Amino acid sequence: MKAKAEELDHQLTLLREMLRIRRFEERCAELYMAEKIRGFLHLYIGEEGVAVGMMQALAPDDAVVATYREHGHALARGLDIKAVMAEMFGKASGCSRGRGGSMHIFDGPRRFFGGNAIVAGALPMAVGLALADKLKGLSRVTCCFFGEGAAAEGEFHESLNLAQLWQLPLLLVCENNGYAMGTALAISESEQRISHKAEGYGMVAREVDGMDVLAVEAAARECVDAIKQGKGPRFLECHTYRFRGHSMFDTQLYRSQDEVAAWQEKGPIVRLRRKLEAAGALDEAKWQQLEDELRQELNEAVAFAEQAALEPVEKLTWGVYQEGAS
Amino acid sequence: MNGDSISYREAVREAIREAIRNDDRVFLMGEDVGHYGGCYAVTKGLLQEFGEARVRDTPLSESGFVGAGIGAALGGMRPIVEVMTVNFSLLASDQIVNNAATLRHMSGNQVGVPLVIRMATGAGKQLAAQHSHSLENWYAHVPGLKVLAPATLADARYLLAQALADPDPVLIFEHVLLYNETGPLPKAEDCPDMHKALVRRPGSQLSLVTYGGSLPKAMQAAEILAGRGLDVEVIDLRCLRPLDTQTIFTSVKKTKRLLVVDEGWRTGSLAGEICAQVAEHCFWSLDAPPQRLCSQEVPIPYPKHLELAATPQVEQIVAAAAAMLEAR
């Protein structure tokens, strides 16, 4: 009975984490319309189950490598929400000192390596992070997130080959949301089962319902355990969907409203919410309390970002090379 | 090694050997660096000496293994990545330009990439257009990278240690014609700070600025010019980014004439950049317009005579310098 209660508590935590990302991003969209946030803004709305599920399996000293749709990964990884929001604003107290923006969120101490805006460009780097751990004899995992669009790039194939060839402690997580920008998988790939491509390199690969955070967490734990036992890299294809456009400029002419609505029905948050309500662990009052807490946290983050200082122009060329090294 | 004499190839190998031996974080990775012994035989014997973990053969996937070098550097290692030629490095240019060069700045100075990438560059071995180009100035264009061109045995032997000690990504370009150069075993003090350009031959009438594979040609040209009573100062840039402009300006203000020799194509060349900087900073000291001698605007051809005609040679350097001096 106690185990059951603990399990429900854990599921409530997962729900909170996902909702936190959702509300953060919805606020970002508003701030974008208000021209507080600029540049490209790629929202993760609909895909929260993947980041939150995966992070449950990672230890603090494991490495995370992410894409340009990485707000969810960053928050789930435990980055300071104020620093992430300030980064959106391009402020000096942002997690990348305002130099990166939405697409380049970094946190050295938390081993959060981007925020990388070139599809598949971070995969070779993740291979190298895993190689470093292997050479040092450390039992750590590098977890690399990328979209299914990356499978069309040569670097995807080069990286899978190297990871399997060298038996590296690397977890490759494909977030398959069906569209590379506006191009559906069927239009761009001859083999649409991305996990099959990984199997083609001899890699252990599996698929999971990315809209089910509990399924993602279970799969993540299984993969990380195997990797930490020295069984080589693992490939996890998470089937998911983004409810919004690719970026704020996307008018979504390439897909129907019905399709989006059908996926929203099986969204990771509504699904877990219903499950917890059915189990009697969540009611309307508790949900409202959760919403209030998150709103409060977000308000503080936005106020922090609003008030944060801009980097002085005199520091423009700072941080290109390590100071004092030339 | 033969007595007190060493070849450029052996000097590079010694540098790598010393680096692997002295630092557990250092490893070498690249195409054919292990079992084959290196495309230019630079890394011969290192696999046998250090084993497969530290001398790592890679598949032919430049972007993959250069990126892996970047990741390994982020992960606390000190990788030396060898790319067979600068032409092949273009397959990895995404990793070099978009990742290695940008991560420090993009991350707000939280993560750096202490990585060394070595590659061969330049023409002269009749390898035709896809193995002979000099694209180091493309990389020298990119903030975040450091670009070195060791032209002497001392630099071949000792620059690598400095590059590895640097917290930022360093690219080392080795000109293919230099590998067989042989001379006395150099001392570490013959290789000062990698960021400094050096006066290889003092002179008073013209500053001949060059780097890498063109340095021996420039030195020969200076000797020939000396025989004609023309006193030329030869400057070896060594570091193409950041440029040690101070050494160049000091020399030009003394000699009042500048000739830059650069195996890159003339249009958009590093030589053009140096001429522009000298024009901006030394204009009132100049007695003649800055000149440059670069490669012809053609992909490097295979036949010997055309390859020679396409790239700067000793006679052309002599002619260009003499024309500037004799027009006085």
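Residues numbered from 1 in each chain as written. Chains lettered and ligands numbered in written order. Predicted model: local features only at pLDDT ≥ 70, side-chain atom pairs only at ≥ 80, totals over all residues. Heavy atoms only, no water.

A few words on the pairing of strand 2 (residues 26-30) of chain B. Residues and elements named next belong to chain B. Of all 5 residues that make up strand 2, 5 are buried, and the element is covered over most of its length. Of the two faces of strand 2, the one holding V26, L28 and G30 and the one holding F27 and M29 are both buried throughout. Bridge count between strand 2 and strand 4 (residues 78-85): 5 bridges; the pairing is parallel. In the strand pairing of strand 4, F27 is matched with P79. One ladder, built from 3 bridges, connects strand 2 with strand 3 (residues 55-57); its direction is parallel. From the neighbouring strand, L28 faces strand 3, where its bridge partner is V55. (Buried < 20%, exposed > 50% of the residue type's maximum accessible area, 1.4 Å probe, protein only. Helix = DSSP H or I, 4+ residues; strand = E, 2+ residues; numbered from the N terminus. Pairing = 2+ DSSP bridges.)

We now examine the interface of chain B and chain A. Across the contact, 44 residues belong to chain B and 40 residues belong to chain A. Of all residues in chain B, H105, M106 and Q110 of chain B bury the most surface against chain A, accounting for 19% of the area lost on that side. The tally of links from chain B across to chain A stands at 0 salt bridges. Scanning the region where chain B abuts chain A turns up 19 residue pairs in polar contact (both at pLDDT 80 or more). Counting only elements with at least two residues in the side of chain B that touches chain A, the list comes to strand 2, strand 3, helix 3 (62-74), helix 5 (93-100) and helix 6 (103-106) of chain B. Counting residues per element, the side of chain B that touches chain A draws most heavily on helix 3 of chain B, at 10 residues. Of the residues that constitute the side of chain B that touches chain A, the class distribution is 17 nonpolar, 18 polar and 9 charged. (Contact = heavy atoms within 4.5 Å. Buried area = accessible area lost by both parts, 1.4 Å probe. Salt bridge = Lys/Arg side-chain N within 4 Å of Asp/Glu carboxyl O. Polar contact = N/O pair within 3.5 Å; in protein donor to acceptor, adjacent residues only side chain to side chain. Nonpolar A, V, L, I, M, F, W, Y, C, P; charged D, E, K, R; others polar.)

What follows is about helix 9 (residues 215-227) of chain B. All names here are of chain B. In this model helix 9 runs 19 Å from its N-terminal to its C-terminal C-alpha over 13 residues, within 8% of the 18 Å that 1.5 Å per residue would give. Within helix 9, burial applies to L215, K217, A218, A221, A222 and L225. Projected down its long axis, helix 9 carries its buried residues within an arc of 150°, all on one side. Across from the buried face of helix 9, at angles greater than 90 degrees, the exposed residues are E223 and G227. Tucked into the core, helix 9 has its buried residues touching strand 9 (198-201), strand 10 (206-210), strand 11 (232-236), strand 13 (258-265) and helix 13 (314-326). Note on helix 9: the residue one or two positions beyond its end, G229, has a positive phi of about 80°. (Expected span 1.5 Å × (residues − 1). Arc of directions from axis to C-beta.)

What follows concerns the packing of helix 9 of chain B against helix 13 of chain B. Residue and element names in this part refer to chain B. Here helix 9 crosses helix 13 at 50°, and the two axes come no closer than 9 Å. The angle between helix 9 and helix 13 falls in the class oblique. Where helix 9 crosses over helix 13, the two elements pack in a sense that is right-handed. On helix 13, the residues that touch K217, A218, Q220, A221, I224 and L225 of helix 9 are V314, I317, V318, A321 and A322. Tallied by class, the residues present in the contact of helix 9 with helix 13 amount to 9 nonpolar, 1 polar and 1 charged. (Axes fitted to C-alpha atoms, helices over the stretch in contact; angles between N-to-C directions. Parallel < 35°, antiparallel > 145°, perpendicular 65-115°, else oblique. Left-handed = near helix turned anticlockwise from the far one by under 90°.)

The next point concerns the environment of M88 of chain A. Residue placement: M88 of chain A occurs in helix 4 (residues 81-88). Other than its neighbours up to four places away in sequence, M88 of chain A contacts F24, C28, K36, I37, L41, H71 and S102 of chain A.

On to the sheet that holds strand 13 of chain B. Residues and elements named next belong to chain B. The strand order across the open sheet formed by 5 strands is 9-11-10-13-14, and the pairing between neighbours is mixed. In this open sheet, the two edge strands, each paired with only one partner strand, are strand 9 and strand 14 (291-295). Averaged over all pairs of adjacent strands, the angle between their axes in this sheet comes to 25°, without regard to strand direction. Sheet topology note: the strand 10/strand 13 ladder contains 3 bridges and is parallel. Following the sheet pairing, V209 is matched in strand 13 by V260. Running at roughly 175° to strand 11, helix 10 (residues 245-255) makes contact with strand 10, strand 11 and strand 13 of the sheet.

All names here are of chain A. The computed volume of the largest pocket comes to approximately 480 Å³. Along the walls of the largest pocket sit 30 residues, with Y68, R69, V119, M181 and H246 positioned nearest its centre. Sorting the residues of the lining of the largest pocket by element identifies strand 3 (142-147) and strand 5 (179-180) as the ones contributing at least two each. For the lining of the largest pocket, the element with the highest residue contribution is strand 3, accounting for 3 residues. Of the residues in the lining of the largest pocket, the class split is 16 nonpolar, 9 polar and 5 charged. (1 Å grid on protein atoms, 1.4 Å probe; cavity = no way out; pocket = protein on both sides within 12 Å on 5 of 7 lines; lining within 4 Å. Points joined across faces, edges and corners; volume = space filled by probe spheres on them.)

All chains considered together, the criterion is met by 36 salt bridges over all chains. For E277 of chain A, the salt bridge goes to R273 of chain A, with nearest N and O atoms at 3.2 Å. Of this pair, E277 of chain A and R273 of chain A both sit in helix 11 (residues 268-278), 4 residues apart, which is roughly one turn of that helix. Accessibility expressed as a relative area gives 32% for E277 of chain A, which makes it partly exposed. With relative accessibility at 22%, the residue R273 of chain A sits in the partly exposed group. In this structure, the salt-bridge partner of E49 of chain B is R17 of chain B, at a minimum N-O distance of 2.7 Å. Of this pair, E49 of chain B sits in helix 2 (residues 46-50) while R17 of chain B sits in helix 1 (residues 8-22), placing them 32 residues apart in sequence. Judged by relative accessible area, which is 17%, R17 of chain B ranks as buried. Three or more residues joined by partner-sharing salt bridges are found here, namely E14, R17, R21 and E49 of chain B.

Take the state of the cysteines next. Residue and element names in this part refer to chain B. The final tally for this structure, using the stated rule, is 0 disulfides over all chains. C294 takes part in no disulfide bond, and the closest cysteine sulfur, belonging to C275, lies 7.8 Å away. According to the relative accessible area criterion, C294 is buried, its value standing at 7%. (Disulfide = S-S within 2.5 Å.)

To continue, consider the packing of aromatic side chains. Residue and element names in this part refer to chain A. Using the criterion set out here, one finds 12 aromatic pairs over all chains in the structure. Ring plane angle 85° and centroid distance 6.3 Å describe the contact between Y32 and F249, whose orientation is recorded as edge-to-face. Highlighted residues: Y32 in helix 1 (residues 2-33) and F249 in the loop between strand 8 (234-239) and helix 10 (257-265), separated in sequence by 217 residues. With a relative accessible area of 55%, F249 lands in the exposed category. Between F40 and F249, the ring centres sit 5.9 Å apart and the planes meet at 80°, which makes this aromatic pair edge-to-face. Taken together, the residues F40 in the loop between helix 1 and helix 2 (48-55) and F249 in the loop between strand 8 and helix 10 connect sequence positions 209 residues apart. Since its relative accessible area comes to 44%, F40 is described here as partly exposed. An aromatic cluster of at least three residues, connected via ring pairs, comprises Y179, Y241, Y254 and W263. The ring of Y32 is capped by R38, whose NZ or CZ atom sits 4.5 Å from the centre of that ring. The positively charged end of R273 is found above the aromatic ring belonging to W287, 3.7 Å away from the centroid. (Phe/Tyr/Trp six-rings, centres within 6.5 Å; stacked < 30°, edge-to-face > 60°. Lys NZ or Arg CZ within 6 Å of the ring centre and 35° of its normal.)

Residues and elements named next belong to chain A. The strand order 2-1-3-4-8-7 describes an open sheet built from 6 strands, whose pairing is parallel. Because the sheet does not close on itself, it has two edges, and the strands there are strand 2 (112-115) and strand 7 (204-209). Strand after strand, the sheet turns through a mean of 15° between neighbouring axes, direction not considered. Note: strand 1 (residues 63-66) against strand 2, 2 bridges, orientation parallel. Note on strand 2: the bridge partner recorded for A66 is G115.

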